[in-house]
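Structural overview for review
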Amino acid sequence: MGQDFAGEQMCPKYEGAMNILGKRWTGLIIHVLLRGACRFKEIREMVPQMSDKMLSERLKELEELGILERKVYPEIPVRIEYELTKKGQELRPVIESIQAWGHKWIP
């Protein structure tokens, strides 16, 4: 049945992944970007309870981690879009599994 984990240490790579995905709003931002490139305002509309400041912080963190890319288009006015990198796209099965679990178990 269950495993006895006494004395075992947490895998540092798993812990690192959970530190990224466990941050508030991160999973929701990734979920939105799995649909395709979005502008700041579009992400904000999909996650309305998140502040602009928090969205900016999370986008910057995800960019620094190589999970998303910020693309600037030199138009008038300037257009900025956020898009998942290959590294970010590989989170699709993780996010979809969490979504399926939520549909099944969260009332």
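See the structure printed just above.
Residues numbered from 1 in each chain as written. Predicted model: local features only at pLDDT ≥ 70, side-chain atom pairs only at ≥ 80, totals over all residues. Heavy atoms only, no water.

Observations concerning the layout of surface pockets
The gaps left among the atoms become clear once a water-sized probe is rolled over them. Here is the rule: The rule is simple: put a 1 Å grid over the protein atoms alone, call a set of points where a 1.4 Å probe fits but cannot get out a cavity, call an open set with protein on both sides within 12 Å along at least five of seven lines a pocket, and count a residue as lining if it has an atom within 4 Å of a point. Grid points are joined across faces, edges and corners, and a volume is the space filled by probe spheres set on the points. The numbering of helices and of strands both runs from the N terminus, where a helix is a DSSP run of H or I of at least 4 residues and a strand a run of E of at least 2. As a working rule, the residues Ala, Val, Leu, Ile, Met, Phe, Trp, Tyr, Cys and Pro are called nonpolar, Asp, Glu, Lys and Arg charged, and the rest polar, with Gly in that last group.
Put simply, the largest pocket is a space of about 350 Å³. Gly27, Leu28, His31, Ile95 and Ile98 are, among the 18 residues lining the largest pocket, the residues nearest its centre. Broken down by secondary-structure element, the contributors of at least two residues to the lining of the largest pocket are helix 1 (12–21), helix 2 (26–33) and helix 6 (92–105). The element best represented in the lining of the largest pocket is helix 2, accounting for 5 residues. Residues that form the lining of the largest pocket fall into these classes: 9 nonpolar, 6 polar and 3 charged.

Re the nonpolar core
Put simply, the test is: Nine residue types can take part in a nonpolar core, namely buried Ala, Val, Leu, Ile, Met, Phe, Trp, Tyr and Cys, and a core is a set of them joined through side-chain atoms within 4.5 Å. Three exposure classes are used, based on accessible area relative to the maximum for each residue type with a 1.4 Å probe and protein chains only: buried under 20%, partly exposed in between, and exposed over 50%.
Counting 19 residues, the largest nonpolar core has Ile29, Ile30, Leu33, Ile43, Leu59, Leu68 and Leu84 as its most contacted members. Elements with a contribution of two residues or more to this core: helix 2, helix 4 (52–64) and strand 2 (79–84). With 4 residues, the top contributor of residues to this core is helix 2.

Concerning the pattern of salt bridges
Formally: Should a side-chain nitrogen of Lys or Arg be within 4 Å of a carboxyl oxygen of Asp or Glu, the pair is scored as a salt bridge.
What the rule picks out here adds up to 10 salt bridges. Among the ionic pairs, Glu45 bridges to Lys41, the shortest N-O distance being 3.8 Å. With Glu45 and Lys41 both in helix 3 (residues 40–46) and 4 residues apart, the pair spans about one turn of that helix. Taken as a pair, Glu45 and Lys41 share a single burial class, namely exposed.

Keep in mind these numbers describe shape, not what the thing actually does.
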